[in-house]
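Commentary on secondary and tertiary structure
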Amino acid sequence: MTDSRRPPLLPRLISTTLGAGYWPWGPGTAGAVAGLAVWMPLTLIASPAAVAGITAALIVIFTALGVWSATVVERYWGEDPSRVVMDETVGQWITMLPLAVYATGPGALACGRLWIAAAISLALFRFFDIVKPLGVRRMEALPSGWGVMADDILAGIYGGILMLIINTWLL
């Protein structure tokens, strides 16, 4: 049963990745792109080790916040609503963890490899998120916000493994 009132502001902002989930044409992709938009500037200001550490911290913090906020907003919007995209944001960060090697300070965004790798990571994550192979779909059966977040976490892990292979052998 859903509540006809609007969810409280804080869980709504978190679960929609500051409103990216309201994008009418592919809110999941908008959530993943928001993850890219937050992550790319890190490559300008931090070393590869720092980018990896900050990314890992963001994943842990926003997984916890995503589970909580998704659980809250499901009471208002129903089960796994499309507006909830924090799961895509976190999944995209997981897929991009291997890209921390491209963080080189101010010249990072000029690095063509970073842009190519970021585009590949987005495509890989969205593939695993949409197709949901290899147990990804089963994660949705977890209760409340856990089910919302877990499938994208696993999709991000699969994407991250492939990015590690691609970075090692192709880029």
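Relevant structure appears above.
The following paragraphs examine the structure supplied in this document. (Residues numbered from 1 in each chain as written. Predicted model: local features only at pLDDT ≥ 70, side-chain atom pairs only at ≥ 80, totals over all residues. Heavy atoms only, no water.)

**Observations regarding the layout of surface pockets**
Where we set the bar: Points on a 1 Å grid, built from protein atoms alone, make a cavity when a 1.4 Å probe fits but cannot get out and make a pocket when they are open with protein on both sides within 12 Å along at least 5 of 7 lines; residues with an atom within 4 Å of a point are the lining residues. Grid points are joined across faces, edges and corners, and a volume is the space filled by probe spheres set on the points. Helix and strand definitions here come from DSSP, where helices need a minimum of 4 consecutive H or I residues and strands a minimum of 2 consecutive E residues; each element is numbered from the N-terminal end. Throughout this entry, Asp, Glu, Lys and Arg are counted as charged residues, while Ala, Val, Leu, Ile, Met, Phe, Trp, Tyr, Cys and Pro are counted as nonpolar. The remaining residues, Gly among them, count as polar.
The calculated volume of the largest pocket comes to roughly 190 Å³. For the lining of the largest pocket, the secondary structure elements donating two or more residues are helix H1 (9-15), helix H2 (27-39), helix H4 (48-77) and helix H5 (86-96). A class-by-class count of the residues in the lining of the largest pocket yields 11 nonpolar, two polar and no charged. Estimated volume of the second largest pocket: approximately 160 Å³.

**So, the nonpolar core**
Side chains of nonpolar character tend, in soluble globular proteins, to be buried together. For clarity, the threshold we go by: By convention a nonpolar core is built from buried Ala, Val, Leu, Ile, Met, Phe, Trp, Tyr and Cys residues, the set being connected through side-chain atoms within 4.5 Å. The cut-offs for exposure are 20% and 50% of the maximum accessible area for each residue type, with area from a 1.4 Å probe on protein chains only; residues under the lower value are buried, those over the upper are exposed, and the others partly exposed. In this analysis, two residues are considered to be in contact whenever any of their non-hydrogen atoms come within 4.5 Å of each other.
Judged by nonpolar contacts, the single largest core of 34 residues is most densely connected at Trp39, Val51, Val90, Trp93, Met96 and Leu99. Of all the elements in the fold, those that place two or more residues in this core are H2, H4, H5, helix H6 (112-131) and helix H8 (144-169). Every residue in contact with Val90, bar those within four places of it in the chain, is listed here: Ile59, Phe62, Thr63, Met149 and Ile153. If you look at the next biggest cluster of nonpolar residues, it comprises seven residues, including Ala70, Val72, Val84 and Val148.

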